[in-house]
Amino acid sequence: MADRYDPHVIESRWQARWQADRLYHAPDDDPRPKWYALTMFPYPSGDLHTGHWYAMVPPDVAARYRRMLGNNVMFPMGFDSFGLPAENAAIKRGIDPKEWTYANIERMRSQMRMMGASFDWDREVITSDPEYYRWSQWWFLQLYHRGLAYRAEAAANWCPGCQTVLANEQVVDGRCERSDDLVERRFLTQWFFRITAYAEELLRFDGIEWPERIRTMQTNWIGRSEGAFLDFAVDVPGVDEKLRVFTTRPDTVYGATFMVLAPEHPLVDRITTPAQRGAVDSYIEATSRQTEIERLSTEKEKTGVFTGAFAKNPFNGARVPIWIADYVLVTYGTGAIMAVPAHDERDFAFARTYGLDVISVFSRSDVDTSRPLEEAYPSGDRMINSGPFDGTPAAEAIGRVVAHAAAGGYGQATVNYRLRDWLISRQRYWGTPIPMIHCANCGIVPVPEADLPVTLPEHVKFDPTGVSPLTQIAEWVNVECPACHGPARRETDTMDTFMCSSWYQMRYADPHNTERPVSRDAARRWLPVDQYTGGAEHAVMHLLYTRFFWKAARDLGVVEGDEPMVRLFNQGSILGPDGNRMSKSRGNVVAPDDQVAQWGSDAFRCQLMFVGPWDQGGPYNPTGMAGIVRWLHRLWSVATEPPVLTDTPGTAEARALRRATHKTIRDVTLELEGFRFNTLISRLMEHSTAMQKARDRGVADRAAWDEAVDVALLLTAPLAPHVTEELWAQRGRPYSIHLQRWPAFDPELARDDEIELVLQVNGKVRDRLHLPADAGEAEARAAAFASPKVAALLAGKEPKRVIYVPARLLNIVL
RNA sequence: GCCGAAGUGGCGGAAUGGCAGACGCGGCGGUCUCAAACACCGCUGGGGUCACACCCAUGUGGGUUCGAAUCCCACCUUCGGCACCA
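Residues numbered from 1 in each chain as written. Chains lettered and ligands numbered in written order. Predicted model: local features only at pLDDT ≥ 70, side-chain atom pairs only at ≥ 80, totals over all residues. Heavy atoms only, no water.

Peer 1: I'm lost on the overall build of chain A in this one. Help?
Peer 2: Counting its regular elements, chain A contains 27 helices and 33 strands. Principal-axis analysis of the C-alpha atoms places the extent of chain A at approximately 105 × 85 × 50 Å. Expressed as a percentage of the 814 residues in chain A, the buried residues total 53%. Accessible surface for chain A amounts to roughly 35200 Å². Of this, 50% is attributable to carbon and sulfur atoms. Charge separation in chain A, taken as the distance between the mean sites of 91 positive and 106 negative side-chain charges, equals 3 Å. (Helix = DSSP H or I, 4+ residues; strand = E, 2+ residues; numbered from the N terminus. Buried < 20%, exposed > 50% of the residue type's maximum accessible area, 1.4 Å probe, protein only. Areas by Shrake-Rupley, 256 points an atom, 1.4 Å probe, with all protein chains shown as cover. Lys, Arg positive; Asp, Glu negative; His and termini not counted. Charge placed at Lys NZ, Arg CZ, Asp CG, Glu CD.)

Right under this line is the structure:
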């Protein structure tokens, strides 16, 4: 009798063997078709937690399956290792961010080895290594030369907790996505990436299979809206300016009874009359003190102040008052609107509060336009009160009005986006230095490519001051200007870490290249990613940035094709046994190291996949582990303790076992293709039970039995790589099971020779019949009416209808 | 407020127009054992019955259909996203 299944002995042994053999290395020169499987790389926070396992195990299973299908699979891993936690550790505990980070990487790498995942460690990428961030800087320079990186002053999101600015995508409900602090607005000069240049292309998802949900979120975030610019002349003595507004409803221009500027609009100061100056200044003051949350609240009463100035409607010369109000955002459109209270809910509320005119410019059968309106109505039938346009049908209104404005030189059709450029400056130390130099003579000068990387200085003081700690390192900051050789200063801000993760998938293809971020050959060989997996929380951050970055890289000639990742699958999040997010304070943390110590890696891997559908996530069930462990023991038992084997392929038992085996191949393959790991394991459990029952009869056909056991091991190999490798070896099969071909299923062998037909009367199940698999409708009907139960219910009545679903069901309607 | 996903036994879940509850946990009963553990076998939605029969049951209420967890309408609840974007 063979030894009992003891995961601890076999797992470390096989892990060492695989590593020594570089079993999972994807060679560049390999004739097999490539498959690039990628799962989002982790931040090295210290310990590998269950969430990491949950994110990494299923992609490992899928990658192993692909390898068995005959692909040259690249499944790399690395670390997204720049970022704030390292610096915060430095501030709190006086540890150097670099030491902290690299110690964590060391630890997490060893924890990942225990997972038994098939990562290609030869391709490891660490974003805080100078050999990596040198290329992040190189990308920055290329974007700068193309006009895609620029410096500008703008209202920036300032996180007081992180002591740095954030991109719009990193502000959630007015709070910092990382620290949850309330975000403040500050006007600062910062570096931006011109993601808006690709707004239109980012709305197209041609040729990629991404979840509808993610595509919708990105589409909404980009927020395309068609409309027009219209120019109103400012009617203020001594101010010769146009007031440009963006509107999606140029057809309502005759109903514009006032204008509204954002309080931060640059024209406010120049047009405000002396009489209104005090009110305007104090309103601006009050607005600037509000948090983003207060300001964006839709519940709040609309407030605003009259500037004392007027503008002239270019269509009819009407003189309309100019107000400022915080419901108009300086960051969207032109920061100014024409207000049409009759047809816009917000403008209507404002007009009501301040007693401003309301003019309807569309007729509508259910609205009496001669009486004061109770509420705004957005749409109507024909234009009214609109001079020469009166009578124009709504469908033609926008086109005619815009054409008129364009002819008159005071308007044009345009498309506006909600998406804003990506603010990438961070006032922190532990990030990629922005490779720019500020020279008093030459202005902004890029660091020459030959001087890259601009490395981070060491031994820095980290007290948060709101400016980058780098400013304090005189010997680092002060440099010679590359252009005029005069004294100059380095840019002291570092890049948003989302920059690092925007192109890491390219670097895995060619991780050690010292000439380029990725060679043309490597890019052609490996890119794009065939299957990407990760959490959906990155929908409008990483997943949008990386698409932008790829398109820019394509236009720079570095990569080919339009999209970085062909297929995307988002897993859900694994929760504690109590259904809450795992946290130390709740005491519901499941530590992978403990689970592995207790049950082994194979069992933990399988249990994570078995608890439910991967895309839904859900609570981890530690007591359910018993079922998985029993199943693995059963697999061990049938593989090591066969029945007496005979050469009797023709028996019913032999055929039944082969049928079970081939149905399992068919089902498991389908489940695997669909990433349905929980039901996949169910199918494998059923097959193990079938084998056990066959074994317990004491005798089995040799060919059917060997096939059943071999197939069970092969199909289980991606999920439980260690125990299957061990059993495969014990059966004397060639090393390694993970290099074997995925079994093929034979439909002939999988076919049933008997079917169960459900008999219904009036849609209710009354009986079941067993018929030969090749029985047709006529036989089925005959057998059904012969059933005593059916006959009793029929009681001699003539059926109205008989519905027959081949090989499944027969329903008699009375 | 708007958009989307979901709601099924004691629990995780399966079934996406055709046998509701696969698979597993837990529970109950049994075999083995001096005993326990492990393992194995049987039962396990509710009512009803000695046992069958039968009836009820997939958040709630309607509808479509021979037939609905599945499709449609309304509502309730939970989760996610968006939320003055002119």
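Peer 1: Whenever I open this one, the packing of helix α18 (residues 592-599) against helix α19 (residues 601-610) confuses me. Can you help?
Peer 2: In helix packing, the relevant descriptors are the interaxial angle and the interaxial distance, both defined with respect to the helix axes. Taken N-terminus to C-terminus, the directions of α18 and α19 make an angle of 120 degrees; their axes are 7 Å apart at the nearest point. By the angle between their directions, the pair α18 and α19 is classed as oblique. Of the residues in α19, those touching α18 at P592, Q595, V596 and W599 are S601, A603 and F604. Per-class residue counts for the contact of α18 with α19 are five nonpolar, two polar and no charged. (Axes fitted to C-alpha atoms, helices over the stretch in contact; angles between N-to-C directions. Parallel < 35°, antiparallel > 145°, perpendicular 65-115°, else oblique. Contact = heavy atoms within 4.5 Å. Nonpolar A, V, L, I, M, F, W, Y, C, P; charged D, E, K, R; others polar.)

Peer 1: What is the right way to look at the sheet that holds strand β1 (residues 34-39) in this model?
Peer 2: One key point about sheets: their strands pair by backbone hydrogen bonds, in either a parallel or an antiparallel sense. Sheet architecture is open: four strands sit in the order β2-β1-β24-β25, paired in parallel fashion. Edge positions in the open sheet fall to β2 (72-74) and β25 (565-571), since each of these has one partner strand only. Averaged over all neighbouring strand pairs, the angle between strand axes comes to 20 degrees, with direction disregarded. Relative to strand β24 (residues 529-535), β1 runs parallel, the two being bridged by three bridges. For L38, the partnering residue across the bridge sits in β24 and is Y532. Packed on one face of the sheet, helix α2 (residues 50-69) meets β1, β2, β24 and β25 and runs near 175 degrees to β1. (Pairing = 2+ DSSP bridges.)

Peer 1: Just checking my understanding: could you explain the protein's contact with RNA strand B for this structure?
Peer 2: For RNA strand B, the set of nearby residues contains 48 residues, the closest of which are T248, Y332, R346, R418 and R768. Of all RNA strand B atoms lying within 4 Å of any protein atom, the proportion belonging to sugar or phosphate reaches 61%. Contact distances for RNA strand B include 3.1 Å between a phosphate oxygen and a side-chain N or O atom of N678. Within the side chain of R801, an N or O atom sits 2.9 Å from a phosphate oxygen of RNA strand B. At the level of elements, β11 (242-247), α10 (292-296), α20 (625-640), α22 (677-696), β30 (754-761), β31 (764-772), β32 (801-805) and β33 (809-813) are the ones that each hand at least two residues to the surface near RNA strand B. The biggest single contributor to the surface near RNA strand B is α22, with seven residues. Class assignment of the residues belonging to the surface near RNA strand B gives a composition of 18 nonpolar, 14 polar and 16 charged. (Near = heavy atom within 4 Å. Polar contact = N/O pair within 3.5 Å; in protein donor to acceptor, adjacent residues only side chain to side chain.)

Peer 1: Would you mind going over the pattern of salt bridges with me for this structure?
Peer 2: Side chains that differ in charge, positive against negative, can pair when their charged atoms come close. Applying the stated rule across the entire model yields 53 salt bridges. R13 is paired through a salt bridge with E726; the nearest N and O atoms lie 2.3 Å apart. Pair noted here: R13 is in helix α1 (residues 7-21) and E726 is in helix α24 (residues 721-730), with a separation of 713 residues, a long-range link. If you follow the salt bridges from partner to partner, you end up with E201, R547, K551, R554, D555, D562 and E563 in one network. (Salt bridge = Lys/Arg side-chain N within 4 Å of Asp/Glu carboxyl O.)

Peer 1: Explanation requested: the packing of aromatic side chains in the structure shown.
Peer 2: For any pair of aromatic rings, the description rests on two quantities: the centre-to-centre distance and the angle between the ring planes. Overall, the coordinates contain 46 aromatic pairs when judged by the stated rule. One aromatic cluster is present, formed by F140, Y144, W191, F193, Y198, W422, F498, Y545 and F548 through successive ring pairs. A cation over a ring is seen here: R490 above W476, with NZ or CZ 5.5 Å from the ring centre. (Phe/Tyr/Trp six-rings, centres within 6.5 Å; stacked < 30°, edge-to-face > 60°. Lys NZ or Arg CZ within 6 Å of the ring centre and 35° of its normal.)

Peer 1: Explanation requested: the environment of Q607 in the structure shown.
Peer 2: Mapping Q607 onto the fold places it in helix α19. Sequence separation of Q607 and G308 is 299 residues, and the distance between their C-alpha atoms is 70 Å. When sequence neighbours within four positions are dropped, the list of residues in contact with Q607 reads Y620, N621, G624, M625 and I628. Of the polar contacts made by the side chain of Q607, one reaches the backbone oxygen of N621; its length is 2.8 Å.

Peer 1: Help me out: how do you make sense of the pairing of strand β9 (residues 184-193) in this one?
Peer 2: For a regular strand, the rule is simple: side chains alternate between the two faces of the sheet. With ten bridges joining them, strand β5 (residues 149-159) and β9 adopt antiparallel strand pairing. Pairing of A154 across the sheet is with L188, part of β9. As paired elements, β9 and strand β17 (residues 422-423) share two bridges and run antiparallel to each other. If you follow F193 over to β17, its bridge partner there is W422.

Peer 1: What exactly am I supposed to notice about the side chain of Q760 here?
Peer 2: Along the chain, the position of Q760 falls in strand β30. Relative accessible area serves as the criterion here: at 14%, Q760 is assigned to the buried category. Not counting residues within four places of it along the chain, the set of residues in contact with Q760 comprises V765, R766, L809, L810, N811 and I812.

Peer 1: Teacher, can you tell me more about the sheet that holds strand β6 (residues 164-166) here?
Peer 2: Sheet architecture is open: four strands sit in the order β6-β5-β9-β17, paired in antiparallel fashion. Among the strands making up the open sheet, the edge pair consists of β6 and β17. Contacts from helix α5 (residues 130-145) reach β5 and β9, with the element oriented near 90 degrees to β9.

Peer 1: So what exactly am I meant to see when it comes to the pairing of β32 here?
Peer 2: The alternating pattern of β32 places V802 and Y804 on a buried face and R801, I803 and V805 on a face that is not buried. Following β32, the chain reverses through three residues before pairing antiparallel with β33; A807 in that reversal takes a positive phi of roughly 65 degrees.

Peer 1: When you look at α22 in this model, what are you seeing that I'm missing?
Peer 2: Over its 20 residues, α22 runs 29 Å from end to end, which matches the ideal 28 Å to within 8%, given 1.5 Å per residue. Of all the positions in α22, only F677, N678, L680, I681, L684, M685, H687, S688, M691, A694 and R695 are classed as buried. In this structure, the buried side of α22 is in contact with α2, α19, α20, α21 (652-673), β29 (699-701) and α23 (702-716). Backbone geometry just after α22 places G698 at a positive phi near 95 degrees. (Expected span 1.5 Å × (residues − 1).)

Peer 1: Explanation requested: the state of the cysteines in the structure shown.
Peer 2: Should the sulfur atoms of two cysteines be covalently bonded, the bond is a disulfide. On inspection of all chains with the given rule, the structure shows zero disulfides. With no disulfide of its own, C162 lies 3.6 Å from the sulfur of C159, the closest cysteine sulfur. Here C442 stays free of any disulfide, with the sulfur of C484 as its closest cysteine sulfur at 3.6 Å. (Disulfide = S-S within 2.5 Å.)

Peer 1: What's the story with helix α7 (residues 212-222) in this structure? I'm lost.
Peer 2: Helical geometry: 3.6 residues make up each α-helical turn, so side chains three or four residues apart lie on a common side. Among all positions of α7, only I214, Q218, W221 and I222 are buried. Projected down its long axis, α7 shows its buried positions confined to an angular sector of 95 degrees, all on one face. With respect to the buried face of α7, the exposed residues turned more than 90 degrees away are E212, R213 and N220. (Arc of directions from axis to C-beta.)

Peer 1: Sorry, what's going on with unusual backbone geometry here?
Peer 2: Excluding glycine, residues mostly carry a negative phi; peptide bonds, for their part, are mostly trans. The omega torsion across L527 and P528 is 0 degrees, close enough to zero to call that bond cis. For P528, the position within the fold is in the loop between α16 (520-526) and β24. Put simply, Y735 and S736 share a cis peptide bond, and its omega is -5 degrees. Examined against the element boundaries, S736 turns out to sit in the loop between α24 and α25 (747-750). If you check the backbone angles, Q163 has positive phi at about 55 degrees while not being a glycine. By secondary structure assignment, the location of Q163 is in the loop between β5 and β6.

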